[in-house]
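So you can see what is in the structure, the chains are spelled out below.
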Amino acid sequence: MGTGVPKKRFRDFWGGLAVGLGEAFLVALEALRANPLRSVLTTLGVVIGVAAVIALVSVGQAARSRVVGEFANLGPDLLWVLPGKAEQGQQFATQEGRFTLTYSDAQAIQREARAVSGVAPWLQTSIEVAGGGRREVTTVIGTTPEYLQVRALQLELGRFLSEADQQRRKRVVVLGPVLARQLFRTPDLALGGRVVINGRAFEVVGVLQPEGQVLGVDLDDRAYIPFSTAQLLFAVNYASLLFVKAQDTASVLRAKREVERVLRREHGEEDFTVLTQSQFLGALDAILRVLTVALSSIAAISLLVGGIGIMNIMLVSVTERTREIGIRKAVGAKRGDILTQFLMEAVAISLVGGVLGMGVGLAASWAISGRLLNQPFTAVAALPVVVLAFSFSVLVGVVFGVYPAWRAARLDPIEALRYE
Amino acid sequence: MTPVVDLQGVSRVYRLGAVEVWALREVWLRIYPGEFVAIMGPSGSGKSTLLNLIGCLDRPTAGTYLLEGEDTSRLTDDALSEVRNRKVGFVFQTFNLLPRLTALQNVELPLLYAGVPRSQRRRRAAELLARVGLADRMHHRPRELSGGQQQRVAVARALVNDPAIVLADEPTGNLDSRSGEEVLALFQELNDSGATIALVTHDPEVAEHARRMVGLRDGRLVRDEPVPRPRRAREVLGRMAGAKG
């Protein structure tokens, strides 16, 4: 009788460890396969958690891309002047002082602000418009000729509002292409047609080219009438807001300062807010980010629940296999061997769940981004999230597998062998 | 010659609350290489405790235990695991094979924990299964084997790391007389080839297959004598076969 099989040498240790872990993983998968229903149910929590995190973050990113894209179309040199002073930290004006912006404010800005290339006041209302035998409830906007240049719009047919229209409060209207089609079927038929707004007849003098949508608002489903006419029609003497266009992107901040200076003087107080596009975007971005984080956190809770489920099942598994653990220890398994074995099983469950969750999450992201948001799904953008969610799933396996594995390793072999 | 097993005044005490239970009391025992020892005694005499101590599944509360000359009290838990792996081979009454593994994989198990690479493991395990006459059952799972076959797989597993001593705890307890006799025949063959075997039993007929008998009563060693004419299992099997005819 001899001394037994020679011990492994240290330099074989790391190679052996890698092989050992790989083998241990395969053994763990084998153990999972022994009870497929239980294994599948246990991975569910991780699958859902990972899928949800990936889908939510990807969709959040897609939404953001889309919003930023839409806003970029409006022009980076655009400024919004809103009535009411925004609170510190708030980017959107409060409802107080809604009636403080006027046509003369627009004129003053046009005259004095050098960095500004155009100002257009804007009065908006939602009202029924009839024409071409049809009626539609739509947005009617009162504005000045400058609006065409400020918003860089293009005409499909006819002309935009003119200075003469504004002076004489003419009842003329320029239709957005979607509204024109809704009422008159084609823009050609719309031109020269008659439209009734608030009981008054208007002549259609122009149809615009399509602008698209921003934040779900259809910019082409609207009608433009002269600002003065609008004020008369709706019996008001203020503007909802002012659109200001800076000379170029570089002068945006200078334009903002000048506008603020002019208005401060005109009003005598700071009862307005001037917003740049980047401020808007910043606010939107912040909101979207908070939303994404909040939703992802909820999804992460699912991951946690999944981890608890893993721990639970592993504890049951350890108890069921008490005898087996005793046998292994009797033939020479060290505590570390037993710990590794059961920890590997937990990691295998969560890893499989992570992979499945990744698949489900990516599929969901592709579907939601593509269908709902009309945003092509970029796998590249999703990559960091995928890696993160995946790593989390492994971590969950390790963290929640440690306790049961430790319990298994600590079993007394003699007691374990007696277990029935 | 260094004894394989050298128990020097070994005691094992269990403390259950305020009560002390002396499972073993000052046992002095030496087992030399090549011996075949039967450990006998009534239920509760401490036989299994003694076997567990010899096999390093348990530690003595008092006294010294030298295994192949090495003081086991100095060993850490991990070191004891290694000892169990390399120097000791267990055979249990209830076979204790892992149900989800094949016979081959069961026999491989100690080699796995010894860090032996896969191909070597397979080869060695197959060798041993052939040695115990189960080469054709290598890929069967325990539930596909008879009791006697399972126990032979267990013996193969016990031998796979070439241990210093084989420890068997009532190895024939769950077997019919014929299978039991076959397993005892196997032990005798191994012993004839030089294996050191310690076997625990309450059955005097089983004990008579060994060459030396030690008796325990209430945790003390009360008897230690050679078996004058050991029963040869092969002969017993021969008579069984003859009786059937």
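Refer to the structure printed above.
Criteria and cut-off values
- Residues numbered from 1 in each chain as written.
- Chains lettered and ligands numbered in written order.
- Predicted model: local features only at pLDDT ≥ 70, side-chain atom pairs only at ≥ 80, totals over all residues.
- Helix = DSSP H or I, 4+ residues; strand = E, 2+ residues; numbered from the N terminus.
- Rg over C-alpha atoms; globule rule 2.2 N^0.38 Å.
- Buried ≥ 20, exposed ≤ 12 C-beta atoms within 10 Å, placed from the backbone.
- Contact = placed C-beta atoms within 7 Å.
- Core = buried A, V, L, I, M, F, W, Y, C linked by C-beta atoms within 7 Å.
- Nonpolar A, V, L, I, M, F, W, Y, C, P; charged D, E, K, R; others polar.
- Pairing = 2+ DSSP bridges.
- Axes fitted to C-alpha atoms, helices over the stretch in contact; angles between N-to-C directions.
- Parallel < 35°, antiparallel > 145°, perpendicular 65-115°, else oblique.
- Left-handed = near helix turned anticlockwise from the far one by under 90°.
- Expected span 1.5 Å × (residues − 1).

Chemist: How do you make sense of the overall build of chain A when you look at a structure like this?
Modeler: Looking only at helices and strands, chain A features 14 helices and twelve strands. Rg of the C-alpha trace for chain A: 34 Å, well past the compact-globule value of 22 Å for 420 residues, more than 25% over. Its C-alpha atoms give chain A principal-axis dimensions of roughly 115 × 50 × 35 Å. Expressed as a percentage of the 420 residues in chain A, the buried residues total 40%. Long-range contacts, defined here as pairs at least 24 residues apart, represent 81% of the contacts in chain A between residues at least 6 apart.

Chemist: How do you make sense of the overall build of chain B when you look at a structure like this?
Modeler: For chain B, the count of helices and strands is eight helices and ten strands. Computed over C-alpha atoms, the radius of gyration of chain B comes to 18 Å, within 12% of the 18 Å expected from 2.2 N^0.38 for 245 residues, which places it in the range of a compact globule. For the C-alpha atoms alone, the extent of chain B along its principal axes is close to 50 × 45 × 40 Å. The burial tally for chain B puts 49% of its 245 residues in the buried class.

Chemist: Would you mind going over the nonpolar core with me for this structure?
Modeler: Membership of the largest hydrophobic core comes to 122 residues, with the highest contact counts inside it found for Ile54 of chain A together with Ile39 and Ala198 of chain B. The leading source of residues in this core is helix H2 (residues 36-74) of chain A, at 13 residues. With residues up to four places along the chain from it excluded, the contact list for alanine 198 of chain B reads Ile31, Val37, Ile39, Leu51, Ile54, Ile165 and Leu167 of chain B. Core analysis: the second largest hydrophobic core is formed by 57 residues, Leu82, Val129, Val207 and Phe243 of chain A among them.

Chemist: How should the interface of chain B and chain A be read in this particular structure?
Modeler: Size of an interface, as often reported, equals the accessible area lost when the parts are brought together. Contact residues are listed per partner, giving 31 residues for chain B and 20 residues for chain A. Going through the elements one at a time, helix H2 (77-86) and helix H3 (103-113) of chain B are the ones with two or more residues in the side of chain B that touches chain A. Among the residues making up the side of chain B that touches chain A, the classes are represented as 13 nonpolar, eight polar and ten charged.

Chemist: Would you take a moment to explain the pairing of strand S3 (residues 134-143) of chain A for this structure?
Modeler: Looking along a regular strand, one sees side chains alternate from face to face of the sheet. Residue and element names in this part refer to chain A. Pairing of strand S2 (residues 116-131) with S3, which is carried by ten bridges, proceeds in the antiparallel orientation. The partner of isoleucine 127 across the bridge, within S3, is threonine 138. Hairpin connection, S2 to S3: the antiparallel pair is bridged by two residues, and glycine 132 has positive phi, about 60°. Here S3 runs beside strand S10 (residues 222-226); their pairing, made up of five bridges, is parallel. Considered in S10, the bridge of glycine 142 is made with isoleucine 225.

Chemist: Would you mind showing me how to read the environment of valine 227 of chain B here?
Modeler: Residues and elements named next belong to chain B. Structurally, the position occupied by valine 227 is in the loop between strand S10 (220-226) and helix H8 (233-244). Given 16 C-beta atoms within a 10 Å radius, valine 227 is considered partly exposed. Distance from valine 227 to arginine 212, taken between C-alpha atoms, is 5.1 Å for residues 15 residues apart in sequence. When sequence neighbours within four positions are dropped, the list of residues in contact with valine 227 reads Glu208, Ala210, Arg211, Arg212 and Met213.

Chemist: So what exactly am I meant to see when it comes to unusual backbone geometry here?
Modeler: Glycine aside, negative phi is the norm for most residues, and most peptide bonds take the trans geometry. Its identity is not glycine, yet alanine 152 of chain A carries a phi of approximately 55°, on the positive side. Along the chain, alanine 152 of chain A turns up in the loop between helix H4 (146-150) and strand S4 (155-158). Of note, the phi angle at aspartate 162 of chain B is positive, near 55°, even though the residue is not glycine. Note that aspartate 162 of chain B resides in the loop between helix H5 (147-159) and strand S7 (165-169). The class for aspartate 162 of chain B is partly exposed, based on 16 C-beta atoms found within 10 Å.

Chemist: Help me understand the packing of H3 of chain B against H5 of chain B, please; the structure alone is not making it clear to me.
Modeler: Residue and element names in this part refer to chain B. The interhelical angle for the contact between H3 and H5, taken along N-to-C directions, is 30°, at an axis separation of 7 Å. Compared by their axis directions, H3 and H5 come out roughly parallel. Helix-helix and strand crossings are classified by hand; for H3 and H5 the assignment is right-handed. Between H3 and H5, the residues in contact are Ala103, Asn106, Val107, Leu109 and Pro110 and Val153, Ala156 and Arg157, respectively. Per-class residue counts for the contact of H3 with H5 are six nonpolar, one polar and one charged.

Chemist: Would you take a moment to explain the sheet that holds S7 of chain B for this structure?
Modeler: Backbone-to-backbone hydrogen bonds join strands into a sheet, with any given pair of strands oriented parallel or antiparallel. Residues and elements named next belong to chain B. Strand order in this open sheet of six strands is S6-S7-S8-S3-S9-S10, and the pairing throughout is mixed. At either margin of the open sheet sits one strand with a lone partner, and together these are strand S6 (88-91) and S10. Here the average twist between neighbouring strands, direction ignored, is 20°. Alignment of strand S9 (residues 212-217) against S10, held across six bridges, turns out to be antiparallel. The residue bridging leucine 216 from the neighbouring strand is leucine 221, located in S10.

Chemist: Is there a simple way to explain the environment of alanine 18 of chain B in this structure?
Modeler: Here alanine 18 of chain B shows up in the loop between strand S1 (5-16) and strand S2 (19-31). Alanine 18 of chain B gets classed as exposed once you count the C-beta atoms within 10 Å, which come to 5.

Chemist: Would you mind going over the sheet that holds S2 of chain B with me for this structure?
Modeler: Residue and element names in this part refer to chain B. The sheet built from four strands is open, its strands ordered S2-S1-S4-S5 with antiparallel pairing. Edge positions in the open sheet fall to S2 and strand S5 (70-71), since each of these has one partner strand only. By the bridge criterion, five bridges tie S1 to strand S4 (residues 62-67) in an arrangement that is antiparallel. Among the inter-strand pairings, leucine 7 is bridged to a residue of S4, identified as tyrosine 65.

Chemist: Help me understand the environment of arginine 239 of chain B in this model?
Modeler: Tracing the backbone shows arginine 239 of chain B in helix H8. Between the C-alpha atoms of arginine 239 of chain B and alanine 185 of chain B, which are 54 residues apart in sequence, the distance is 14 Å.

Chemist: Quick question: what am I supposed to make of the pairing of strand S6 (residues 194-197) of chain A here?
Modeler: All names here are of chain A. What you see with S6 is a clean split: Val195 and Ile197 sit on the buried side and Arg194 and Val196 on the side with no burial. Direction of pairing for S2 relative to S6: antiparallel, over a ladder of three bridges. Residue pairing in the sheet places alanine 130 in a bridge with valine 196 of S6. Looking at chain direction, S6 and strand S7 (residues 200-208) are connected through four bridges and run antiparallel. Looking at the pairing, arginine 194 lines up with glutamate 203 of S7. Remark: two residues form the turn of the hairpin made by S6 and S7, two consecutive strands paired antiparallel; asparagine 198 in that turn has positive phi of roughly 55°.

Chemist: Could you clarify how one ought to interpret helix H10 (residues 277-320) of chain A in this entry?
Modeler: An α-helix turns once every 3.6 residues. As a result, residues three or four positions apart point the same way. For H10 of chain A, with 44 residues, the first-to-last C-alpha span of 64 Å sits near the 64 Å given by 1.5 Å per residue. Within H10 of chain A the residues assigned to the buried category are Ser296, Ala299, Ser302, Leu303, Gly306, Gly307, Gly309, Ile310, Met311, Ile313, Met314 and Val318 of chain A.

Chemist: Sorry if this is basic, but what is going on with the packing of H2 of chain A against H10 of chain A here?
Modeler: Two measures define how a pair of helices packs: the angle their axes make with one another and the distance between the axes. Residues and elements named next belong to chain A. Closest axis-to-axis distance for the H2/H10 pair is 7 Å, and the angle between their directions is 175°. Comparing the axis directions of H2 and H10 gives the class roughly antiparallel. In the contact of H2 with H10, the residues fall into 24 nonpolar, ten polar and three charged.

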